[in-house]
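Understanding the architecture of this molecule
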Amino acid sequence: MFADLVSQLADAPEGICDAEYKERQSRLLSQLAPSDLLIICTNPVAKRSNDVNHPFRGSSDMLYLCGWEEEKGVLIARHVKGEGWSVELFVEPRNVLMEVWNGRLHGLEGAEEKYPIDKAHSYNEMAEILGDYLLNSKRVVLRNRVNEEVDKLVDAAISDNSRPRQQFGLGPTSITSPSPMLAELRLRKSPAEIALLRHASDISSLAHIAAMKVAKADIGEWQIQATIEGFFRFAKGSGWAYPSIVGCGDNATILHYSSNNMTCRDGEVILIDAAAEYCGYASDITRSWPINGEFSPDQKKIYTLVLAAQKAAIAECVVGNLFTAPHDKVCEIMAEGLIEMGILQCSLEDALGPEGELRQWYMHNTSHWIGLDVHDVGVYRPDGEARKFEAGMVLTIEPGLYFGGWRPDVEIEDRWSGIGIRIEDDVLITDEGPDVLTAKCPKEISELEKIIGSDN
Ligand SMILES: [Mn+2]
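Residues numbered from 1 in each chain as written. Predicted model: local features only at pLDDT ≥ 70, side-chain atom pairs only at ≥ 80, totals over all residues. Heavy atoms only, no water.

**Looking at helix α6 (residues 126–135)**
Selection criterion: Here's how the labels work: a residue is buried when its accessible area is under 20% of the maximum for its type, exposed when over 50%, partly exposed in between, all with a 1.4 Å probe on protein chains only. Runs of E in the DSSP output that reach at least two residues are strands. Runs of H or I that reach at least four are helices, and both are numbered from the N terminus. What the arc describes is the spread of directions from the helix axis to the C-beta atoms. Whether two residues touch is decided by their heavy atoms; if any such pair falls within 4.5 Å, the residues are in contact.
Buried residues of α6: M126, I129, L130, Y133 and L134, and no others. The arc that holds every buried residue of α6, seen down its axis, measures 140 degrees, which confines them to one face. Taken together, the buried residues of α6 touch β1 (36–41), β4 (74–80), β5 (84–91), β6 (119–122), β7 (139–142) and α7 (148–159).

Below is the structure:
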């Protein structure tokens, strides 16, 4: 089944070219002063147990600015008089003994040859070289508390009270974070980034179809999870973009359920929030459907309402609209629907708003940006005003209703209890209107009922 599905995948996109990385670098550097020193650290390695680490992933800012994926890496940019900005990378030097155990390294030569940098240095010489660069800067542009060694060097440079400093006033006096500038750049996706997001979304859509095909009563949530995550790798995704949520029945009403250890029972709805990462870019998809392949009349009512809200919200994803427009639309449609069904017994006005009655059953927001991070960077309300959509922005649309009968704090009729529905797609804003990147993942009731269990 996997080979069949993977054959439907378009050719892998090319990725980000050097010219684009350099363009990103210069857009950031054009906002700095010549006396600034920019330092971008990759993520630290995280221990899992004894001598086993969690799989490593570079920091998104490092990936964004130069695509460097090795465990050791500190990117810096300094302004050289008469020459302009020099972009340099501290890397682990080649070491055959280490490479035999842990894998090949690019080393200094490989880094200079294959990455969009002007110069590579040995990580072992960072204290000396970076110390020197720091002494010649006035301000450090750094997100601190990512790399402890770098923090120590920067702290020492700022608190330094040596003779040259006293004599010539050299050395940095402050740190500022590059994150707001990077967030603003990363918020608008380039065509190459969109191609990667689309590929991650295609892999994830096919993985959801694989899960639908193997579904049946009494299958384990973990078995569905294994199918989906197995497909991510089978299709050459790097793995999941976030831990998979695979919850049946009551578990579907727990927003971030992740133990995925229960058996799916006949008549239950399963909620699957799972998606792949590809070349650092995330997808984010949720689908909810009956494990036995047939919606009960009550499940169908709730599903139809959430789907209608989701489609109306996607239609709001147009240039110039406010970021809050999709969420407002979702709340209005779902509140009206629940009042009509008698699940909410209040006025529309009392149902809406941050304290409204709808909040009992729909307790999260409708959207977040998506990109290198699944909850991507980018301020939603710059200066307190909701941001307006621009072409190139990518966000999720994910309304849901969760009737957790197990909850002691709310009351719900038995007929609705245990129904948890979320429908989530990733939407690119374009001048021609919303472009649903995850459109290959089925969500119409007729399509779902046809696919569910078709591989059994
Ligand atoms: Mn999401």
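On we go from here.
**Quick notes on the nonpolar core**
As a rule of thumb, soluble globular proteins bury nonpolar side chains together. For clarity, the cut-off: We define the nonpolar core as a collection of buried residues of types Ala, Val, Leu, Ile, Met, Phe, Trp, Tyr and Cys that are connected through side-chain atoms lying within 4.5 Å of one another. Source of the domain bounds: an automatic or database domain assignment.
One finds I224, W289, L401 and F403 to be the most contacted residues of the largest nonpolar core, which totals 118 residues. Domain assignment of the residues forming this core places at least three in each of domain 1 (31–184) and domain 2 (188–451). In contact with W289, other than residues within four places in its own chain, are A211, M212, A215, I224, E268, V269, I270, I272, F295, L448 and I452. Counting residues in hydrophobic clusters, the runner-up holds 18 residues, among them I39, V74, L134 and V154.

**What to know about the sheet that holds β7**
Counted only if it meets this: One requirement defines pairing of two strands: DSSP has to find at least two bridges between them. Think of each axis as a best-fit line through the C-alpha atoms, taken over the contacting stretch in the case of a helix, with angles from 0 to 180 degrees between the N-to-C directions.
Across the sheet, 6 strands lie side by side as β6-β5-β4-β1-β7-β8; this open sheet has mixed pairing. With one partner strand each, in any of the chains shown, β6 and β8 (174–176) form the two edges of the open sheet. When the angles between neighbouring strand axes are averaged without regard to direction, this sheet yields 25 degrees. Sitting on the sheet, α6 is in contact with β1, β4, β5, β6 and β7, with an inclination near 145 degrees to β1. Contacts between α7 and the sheet are confined to β1, β4, β7 and β8, with β7 contributing the most and set at about 160 degrees to the helix.

**Points about the coordination of the manganese ion**
To be explicit about the condition: Note on donors: an N, O or S atom is included if it sits within 2.8 Å of the metal, or within 3.2 Å for Na, K and Ca, and water is never included, so sites can look incomplete.
Distances from the manganese ion to its protein donors, D284 (OD), H368 (NE2), E398 (OE) and E424 (OE), fall within 2.1 to 2.3 Å. In the primary structure, the donors to the manganese ion are separated according to the pattern D-x83-H-x29-E-x25-E. Placement of H368 in the loop between α14 (348–351) and β15 (394–397) and of E398 in the loop between β15 and β16 (400–403) is noted, with a sequence separation of 30 residues between them. With a relative accessible area of 10%, H368 lands in the buried category. Relative accessible area serves as the criterion here: at 9%, E398 is assigned to the buried category.

**A look at the pairing of strand β14 (residues 286–290)**
Looking down a regular strand, the side chains alternate between one sheet face and the other. Counting buried positions along β14 gives 5 out of 5 residues, so the element sits mostly inside the fold. The two faces of β14 match: T286, S288 and P290 on one face and R287 and W289 on the other face are all buried. Two elements, strand β11 (residues 269–273) and β14, share 5 bridges in a ladder whose sense is antiparallel. Within the sheet, the bridge partner assigned to D273 lies in β14 and is T286.

**Focus: the environment of Y303**
Checked against the element boundaries, Y303 lands in helix α12 (residues 297–315). Sequence separation between Y303 and W289 is 14 residues, and the spatial gap between their C-alpha atoms is 8.4 Å. With residues near it in sequence (within four places) discarded, Y303 still touches S288, F295, I421, I423, K443, I445 and L448.

**Regarding the packing of aromatic side chains**
Heads up, the condition is: Working definition: rings of Phe, Tyr and Trp (its six-membered ring) pair if their centres are within 6.5 Å, and the pair is stacked with planes under 30 degrees apart, edge-to-face with planes over 60 apart, and tilted otherwise.
Applying the stated rule across the entire model yields 10 aromatic pairs. Measuring from centroid to centroid gives 4.9 Å for F295 and Y303, while their planes differ by 50 degrees, and the two rings are tilted. Ring geometry for F323 and Y380: centres 4.6 Å apart, planes at 40 degrees, overall tilted. Placement of F323 in the loop between α12 and α13 (325–341) and of Y380 in the loop between α14 and β15 is noted, with a sequence separation of 57 residues between them. Under the relative-accessibility criterion, F323 is labelled buried at 10%. Through pairs of rings, three or more aromatic residues link up here, namely F323, W369, Y380 and F389.

**Description of α13**
Inclusion rule: Helix span, expected: 1.5 Å multiplied by one less than the number of residues in the helix.
Taking 1.5 Å of rise per residue, the 17 residues of α13 would be expected to cover 24 Å, and the 25 Å separating its terminal C-alpha atoms lies within 8% of that figure. Looking only at α13, the buried set comprises A325, P326, H327, V330, C331, M334, A335, G337 and L338. Elements in contact with the buried residues of α13: α12, α14, β15 and β16. Just past α13, the residue G342 takes up positive phi, approximately 85 degrees.

**A few points about the domain arrangement of the chain**
Here is the rule: Here's the idea: put two parts together, see how much 1.4 Å probe accessible area each one loses, and the total over both is what we call buried area.
What the domain assignment reports for the chain is domain 1 (31–184) and domain 2 (188–451). Computed over C-alpha atoms only, the centres of domain 1 and domain 2 are separated by 38 Å. On the domain 2 side, the residues contacting the 6 residues of domain 1 number 9 residues. Buried surface at the junction of domain 1 and domain 2, summed over both partners, amounts to about 680 Å²; 43% is from carbon and sulfur atoms. Its largest share of buried area at the contact with domain 2, domain 1 owes to R57, A183 and E184, together 62% of the area lost on that side.

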